[in-house]
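# Coordinates in review
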Amino acid sequence: MSDSPNSTPLDLAALRERLASERGPRFWRSLAEIAETPAFDDLLRHEFPAGADVWEGDAAGRRNFLKLMGASLALAGLAGCTKQPEERILPFARTPEETIPGMPLFFASAVTLGGYADGVLVESHMGRPTKIEGNPGHPASLGATNSFGQAAVLSLYDPDRSQVVTNVGRISSWLAFVGELTRQLEAQKLKSGAGIRVLTETVTSPSLGEQLRRLSQQYPGARWHQYDVCSRDAVREGARRAFGEYTETYYRLERAQVIVALGGDLLTQGPGSLRYTRDFARGRKFEDTDGRMNRLYAVESVPTPTGASADHRLRLEPRLIEPFARALAAELAVAANGPAAEALPEAARAWITPLAADLLANRGACVVAAGPEQPAAVHALAHAINAALGNLGQTVMVTEPVEAQPADQLGSLRELAADMEAGRVEMLIVLGGNPVYDAPADFDFAAKLDSVAFRVHLSADHNETSELCHWHIPETHSLEAWGDARAYDGTVSIIQPLIQPLYAGKSALELMAAVLGNPESQSYDVVREYWRGRLGGGDFDRVWRRALHDGIVPGTAAAPKAVQIQAGFDQPGEGGEGMAIVFRPDATIWDGRFANNGWLQEQPKPMTLLTWDNVALVSPATAEELGVANEDVVELRLGGRSVEAPVWISPGHADHAVTVTLGYGRSRVGRVGAGAGFNANAIRSSDGFWTAAGLEVVKTGRKHPLACVQDHASMEGRDLIRRAGLADYREDPDAMKHGVHHEAPAKDMSLYPGFEYNGYAWGLAIDLNACTGCNGCTTACTAENNIPVVGKDKVGRGREMHWLRVDRYYEGDLEDPETYHQPVMCMHCENAPCEPVCPVGATVHSSEGLNDMVYNRCVGTRYCSNNCPYKVRRFNFLHYSDYDTPSLKMMRNPDVTVRSRGVMEKCTYCVQRINAARIDSEKEGRQIRDGEIVTACQQACPAEAIVFGNINDPESKVSRMRSSQRHYGLLEEINTRPRTTYLGKLRNLNPEMPRAAAAPEAAHG
């Protein structure tokens, strides 16, 4: 990987000149592509990147590979070890009447992140959960899932999960722990529990919240503390400033014609993001909205999928987002103290008047949303703007808090740290989380923890906090235990298990039951007892069964709350000078809880397409100022602390700022996450939790290789993205074709004999206007099709196995380009170039237009991949699939073959789902209905950007999409006639905005 195209130092000034001299549209993926470096040219010349030899030519390479066999690929790639669960996973002695071998069952449940629930349906094969889908009836998901939800199945079967109770590092038992816990609690009764502390992450579970309140009643001196590494403290404080009390805010984007995102990533991160994407994308479906489209403005420091989806994006230094919000508020006649427009650069000042006019023209039908990482002042300003525009109760809903106990979490953790230091904490129970790893560095949590006499940690893995606790209790996975949790709008879902615990795990409800004196209580009993007095009156059982079936507890959504803006809401925040550092949760492993999940580690991050690492993101101008290039290792110094990180130059990033993501650099983690990245928490303090000024960046002179897929399968500048401005497209539907160099030949112009489809003819269409590039489809495809993980080294060599990739393209200058995302999978070409070159007939054309792979025939010549112009075929260079680890056997989809070494594989349009629908329709004597077959990528997509169906049916949704003027195929000029096609991107530009007026070519294409 040291010879990767991205490791070559570049002359950025020369690249700017080259882009400025371009005539017509120019799309590019990376700086190396523009520079046309020798390494990049070499990558293009070779079908498979350098390093195709298995052992890298030396013994060290072979040793590294053998190490990888037992480590990085254990979860889904090569070998691993775990103990087969005892007395838990057994054949049925008496099979339940409703169970049919081979036929999956689906159960409604929920998965949580940051405490907030997304409703899901879990597929179960003979008692084994194998796949997660969104629950169409749940308001937070509407049938969609994100990557974290899809990857939850792999976390369940992770062979590195904690499996036993330990006491000071030695294997113990739950019974022994309960005995010691009882002794400690007896001693605390004499003090009214004054020495007891419980630390949790954000809690929305009504049942767990009730248990924690009962703890305070039973032990009045006990204290409950909360801390989440992705704390939403600024959101809570902004609401308190604006409304005088803690509230919850969520958005009705389906009602919004204008949306303004002030920092953050509204569409792909945080509570409600799945629903927000669904509602936003439906407002972008040009053909379904009578030609109308909503308009999105994004003001941000760090490139995000939300910014990439925006019609207008403004990059600002982190310290300038608050002055921008104040200037906008002042333009809208909302009181706002402190410096405003005069603090902004000219480009930002030019936004204020046209943006305010657009908001005023859409009173009651617009949204101003501040990202959770923005300071409380920005949130308070956003609330005041929404109130002034009449959005409250229309597009902005304010309710009672969703959390069981809203709290200043940083303040709560600070109080706990102070109590530990003062010796007031005698007994600490940590439910989940990993504060030793991710607490602010200035709290020195690990050192203060040592003063606590009795320390208990409940977690799914034996992590950094577990190592410093006396007792470690393995935590059950959400698919193994009962629970409940609220969604972003307050709706409660009952979390129901689909499998007995694989190991000796306990849930937070069961551990708290033990603390309350009921160690034999099961989580089912706790949840059911809580809801018994709150549901159904005298018919509880019926309502309970309905709640389990639907995945929603009826009547639990939070009711809208009447609020008023308080005087003095607009307290100015604290600024800072010098280089800024920005902390963000990672796009794939979040705060580190997914560090051992191979699917997420190997999934390319939407904006950088990096895998297996975190980096220090900088703008091209800042890279020049610092004298650094991609993969240069720098030392980041802040507040007397430091950490080393590799540099990555990110077009569109704000100048004078460095962004780092959380979740990497774990010292106690499973084999997959071991050694990955650096720990950004080491320099993160409580007074600069999301953004801090005064960063010093020092070059070390070293390089760190990064595995980035942005140049893999490069299309060498051909016409892959088509876009136009909405106004231009209305005037001229051929605006999408402006700048396109080649037209498709006539359909009869071919040496192929052609096919005649008298029945079904399957096809798939992707609406680029809706796609946000979130990558949920990639993880869904991995989960559905048993796709293996290959590890960082093999990804760096171009051997990633994903059947579906999401390409990211830039257009424009280096500093502030437009960004486009494009999912690419097998095109299932009518004139497929892969088919005639296969010497063994392993790739064949089906009677329904699919390009099928016959794995048993494949001998690994790779001729088909060499002949594929789309580079969507993947080759098993090594024995990536693990046939031995017992837990991983249970994870796999039994309807899809697990491939061996030396086999070519690719997207099949989820042919197993096609065949299942065909069997059902034939049994019922009917045709397959439109929409009856849903591919895995389509089902996961929150934007509904992917549609599959029968193109022979003129009434099918996919046929209607193909009839759009926006419709086109990739590389149509070579006459492959792909079945996977696209609808071009439209941007709903505000003609009064400076960029729209100054760069009409961006609108016209």
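Quick caveat: nothing in here was measured; it's all calculated off a predicted structure. (Residues numbered from 1 in each chain as written. Predicted model: local features only at pLDDT ≥ 70, side-chain atom pairs only at ≥ 80, totals over all residues. Heavy atoms only, no water.)

### Some details on the overall build of the protein
Of the regular secondary structure elements, the protein holds 33 helices and 40 strands. Here the protein holds 1005 residues, and 62% of them are scored as buried. Counting only contacts in the protein whose residues sit at least 6 apart along the sequence, the fraction spanning at least 24 positions is 75%. Summed over all atoms, the accessible surface of the protein reaches about 36,600 Å², with 50% contributed by carbon and sulfur. (Helix = DSSP H or I, 4+ residues; strand = E, 2+ residues; numbered from the N terminus. Buried < 20%, exposed > 50% of the residue type's maximum accessible area, 1.4 Å probe, protein only. Contact = heavy atoms within 4.5 Å. Areas by Shrake-Rupley, 256 points an atom, 1.4 Å probe, with all protein chains shown as cover.)

### Overview of the nonpolar core
Counting 142 residues, the largest nonpolar core has Tyr157, Leu428, Ile581, Leu636, Val658, Val660 and Trp762 as the members making the most contacts within it. Counting residues per element, this core draws most heavily on strand β24 (residues 641-649), at five residues. The contacts of Trp762, once residues within four sequence positions are left out, are Glu848, Leu850, Tyr909, Ile914, Arg918, Ile928, Ile933, Phe948, Gly949, Asn950 and Arg979. (Core = buried A, V, L, I, M, F, W, Y, C linked by side-chain atoms within 4.5 Å.)

### Digging into the sheet that holds strand β4 (residues 128-134)
Two modes of strand pairing occur in sheets, parallel and antiparallel, and in both the strands are linked by backbone hydrogen bonds. Ordered by their spatial adjacency, three strands build an open sheet running β2-β3-β4, and the pairing between neighbours is antiparallel. The strands lining the two open edges of the sheet, one partner per strand, are β2 (105-113) and β4. Recorded for the sheet is a direction-independent mean angle of 40 degrees between the axes of neighbouring strands. Across nine bridges, β2 lies against strand β3 (residues 116-125) in antiparallel orientation. Of the residues in β3, the one forming a bridge with Leu105 is Ser124. (Pairing = 2+ DSSP bridges. Axes fitted to C-alpha atoms, helices over the stretch in contact; angles between N-to-C directions.)

### Structural notes on the packing of helix α7 (residues 174-189) against helix α19 (residues 508-515)
Two numbers describe a pair of packed helices, the interaxial angle and the distance between the axes. Two numbers describe how α7 lies on α19: the axes approach to 10 Å, and their chain directions differ by 45 degrees. In terms of orientation, α7 lies oblique with respect to α19. Of the residues in α19, those in contact with Trp174, Phe177, Leu181 and Leu185 of α7 are Glu510, Leu511, Ala514 and Val515. Class assignment of the residues belonging to the contact of α7 with α19 gives a composition of seven nonpolar, no polar and one charged. (Parallel < 35°, antiparallel > 145°, perpendicular 65-115°, else oblique. Nonpolar A, V, L, I, M, F, W, Y, C, P; charged D, E, K, R; others polar.)

### A closer look at empty space enclosed by the protein
For the structure shown, the criterion picks out 14 cavities of 30 Å³ or more. Forming the boundary of the second largest cavity are 42 residues, of which Asp265, Gln269, Pro305, Ala587 and Pro606 lie nearest the centre. Among the secondary structure elements, those contributing two or more residues to the lining of the second largest cavity are α5 (147-150), α10 (273-282) and β25 (657-661). Here the element with the most residues in the lining of the second largest cavity is α10; it accounts for three residues. Here the lining of the second largest cavity is built from residues that sort into 16 nonpolar, 19 polar and seven charged. (1 Å grid on protein atoms, 1.4 Å probe; cavity = no way out; pocket = protein on both sides within 12 Å on 5 of 7 lines; lining within 4 Å. Points joined across faces, edges and corners; volume = space filled by probe spheres on them.)

### So, the pattern of salt bridges
A full pass over the atoms with the stated rule returns 58 salt bridges. Residue Glu237 pairs with Arg241 through a salt bridge whose shortest N-O separation is 3.3 Å. Of this pair, Glu237 and Arg241 both sit in helix α9 (residues 233-243), separated by four residues, roughly a single helical turn. The class for Glu237 is partly exposed, based on a relative accessible area of 21%. Using a relative accessible area of 17% as the deciding quantity, one classes Arg241 as buried. Residue Arg666 pairs with Glu464 through a salt bridge whose shortest N-O separation is 3.0 Å. Placement of Arg666 in the loop between β25 and β26 (691-693) and of Glu464 in helix α18 (residues 464-467) is noted, with a sequence separation of 202 residues between them. Exposure remark for Glu464: the relative accessible area of 4% places this residue in the buried category. It is possible to trace a salt-bridge network through shared partners that takes in Lys131, Glu133, Glu784 and Arg913. (Salt bridge = Lys/Arg side-chain N within 4 Å of Asp/Glu carboxyl O.)

### A short note on the pairing of strand β7 (residues 196-200)
Summarising burial for β7: five of the five residues are buried, a large majority. Neither face of β7 is exposed, since Ile196, Val198 and Thr200 on one face and Arg197 and Leu199 on the opposite face are all buried. Both β7 and strand β15 (residues 427-431) contribute to a ladder of five bridges, which runs parallel. Its bridge partner lying in β15, Arg197 is registered against Leu428. Bridging between β7 and strand β8 (residues 223-226) involves four bridges; their strand directions are parallel. Note on β8: the bridge partner recorded for Thr200 is Gln226. A crossover connection joins β7 to the parallel β8 through helix α8 (residues 206-218); in handedness this β-α-β unit is right-handed. (Right-handed = clockwise from strand over helix to strand, strands pointing away.)

### A short note on the side chain of Asn893
Tracing the backbone through its elements, the reader meets Asn893 in the loop between α28 (886-891) and β36 (904-905). Leave out the neighbours within four places in its chain, and Asn893 touches His125, Glu784, Asn786 and Gln912.

### Points about the confidence of the model for the protein
The pLDDT averaged across the protein works out to 87; a share of 88% of its residues lies at or above 70. Considering only residues more than four positions removed or in separate chains, one finds that residues 65-91, a stretch of pLDDT under 50, has 72 contacts. Counting contacts from residues 996-1005, a segment whose pLDDT is below 50, to residues more than four positions away or on other chains yields 20 contacts. (pLDDT = per-residue confidence, 0-100.)

### Details of the side chain of Arg455
Mapping Arg455 onto the fold places it in strand β16 (residues 454-459). The side chain of Arg455 is buried and forms no salt bridge, while Asp450, the nearest opposite charge, is found at 4.2 Å. Of the polar contacts made by the side chain of Arg455, one reaches the backbone oxygen of Val452; its length is 2.6 Å. In this structure, Arg455 is in contact with Leu428, Leu449, Asp450, Leu468, Cys469, His470 and Trp471, ignoring residues within four places of it in sequence. (Lys, Arg positive; Asp, Glu negative; His and termini not counted. Polar contact = N/O pair within 3.5 Å; in protein donor to acceptor, adjacent residues only side chain to side chain.)

### Considering helix α12 (residues 321-331)
Among the 11 residues in α12, nine count as buried, and that is most of the element. Those residues of α12 that are buried are in contact with β10 (258-262), β11 (295-300), β12 (312-315), α13 (346-360) and α14 (376-388). Directly after α12, the chain includes Ala333, whose backbone phi takes a positive value near 65 degrees.

### A look at the sheet that holds β11
Judged by pairing direction, the sheet is parallel, and its four strands sit side by side in the order β12-β11-β10-β13 without closing on themselves. Edge positions in the sheet fall to β12 and β13 (366-370), since each of these pairs with one other strand and no more. Strand-to-strand twist across the sheet, computed as the mean angle between neighbouring axes with direction ignored, equals 10 degrees. Judged from the five bridges that link them, β10 and β11 form a sheet pairing that is parallel. Across the sheet, the residue bridging to Val260 is Tyr297, located in β11. Running over the sheet, α13 touches β10, β11, β12 and β13 and is turned about 145 degrees from β11.

### Side note on the packing of α19 against helix α20 (residues 523-532)
Across the interface, α19 lies against α20 with an axial gap of 8 Å and an inter-helix angle of 85 degrees. Looking at the two axes, α19 sits roughly perpendicular to α20. Together, Leu509, Glu510 and Ala513 of α19 and Ser523, Val526 and Val527 of α20 make up the contact between the two elements. When its residues are assigned to classes, the contact of α19 with α20 shows four nonpolar, one polar and one charged.

### Quick look at the environment of Lys889
Turning to its location among the elements, Lys889 is positioned in helix α28. Distance in space between the C-alpha atoms of Lys889 and Tyr157 is 9.0 Å, their sequence separation being 732 residues. Apart from the residues within four sequence positions on either side, Lys889 is in contact with Arg128, Tyr883 and Asp884.

### Describing unusual backbone geometry
Note on backbone geometry: most residues besides glycine have negative phi, and most peptide bonds are trans. Of note in this structure, Ala333 is not a glycine but carries a positive phi near 65 degrees. Looking at where Ala333 falls in the secondary structure, it is placed in the loop between α12 and α13. Assessed through its relative accessible area of 72%, Ala333 is described here as exposed. Positive phi outside glycine occurs at Asn786, with the angle close to 55 degrees. Inspection of the secondary structure puts Asn786 in the loop between α25 (776-784) and α26 (792-796). Take Asn786: its relative accessible area is 10%, and that puts it in the buried class.

### Some points on the packing of aromatic side chains
Scanning the entire structure with this criterion turns up 22 aromatic pairs. Measuring from centroid to centroid gives 6.4 Å for Phe324 and Trp351, while their planes differ by 70 degrees, and the two rings are edge-to-face. Of this pair, Phe324 sits in helix α12 while Trp351 sits in helix α13, and the two are 27 residues apart along the sequence. For the residue pair Phe324 and Trp351, the accessibility class agrees, reading buried in each case. When the centroid spacing of 6.0 Å and the interplanar angle of 35 degrees are considered together, the rings of Tyr968 and Tyr982 count as tilted. Of the two residues, Tyr968 sits in strand β38 (residues 967-968) while Tyr982 sits in strand β39 (residues 980-983), which places them 14 residues apart along the sequence. A single burial state applies to Tyr968 and to Tyr982, both of which are buried. Among the aromatic side chains, those forming a connected cluster through ring pairs are Tyr250, Tyr251, Tyr276 and Tyr488. Its end group placed over the ring of Phe689, Arg684 keeps NZ or CZ at 3.6 Å from the ring centre. For Arg799, the ring lying beneath its charged end belongs to Phe877, and the centroid distance is 4.4 Å. (Phe/Tyr/Trp six-rings, centres within 6.5 Å; stacked < 30°, edge-to-face > 60°. Lys NZ or Arg CZ within 6 Å of the ring centre and 35° of its normal.)

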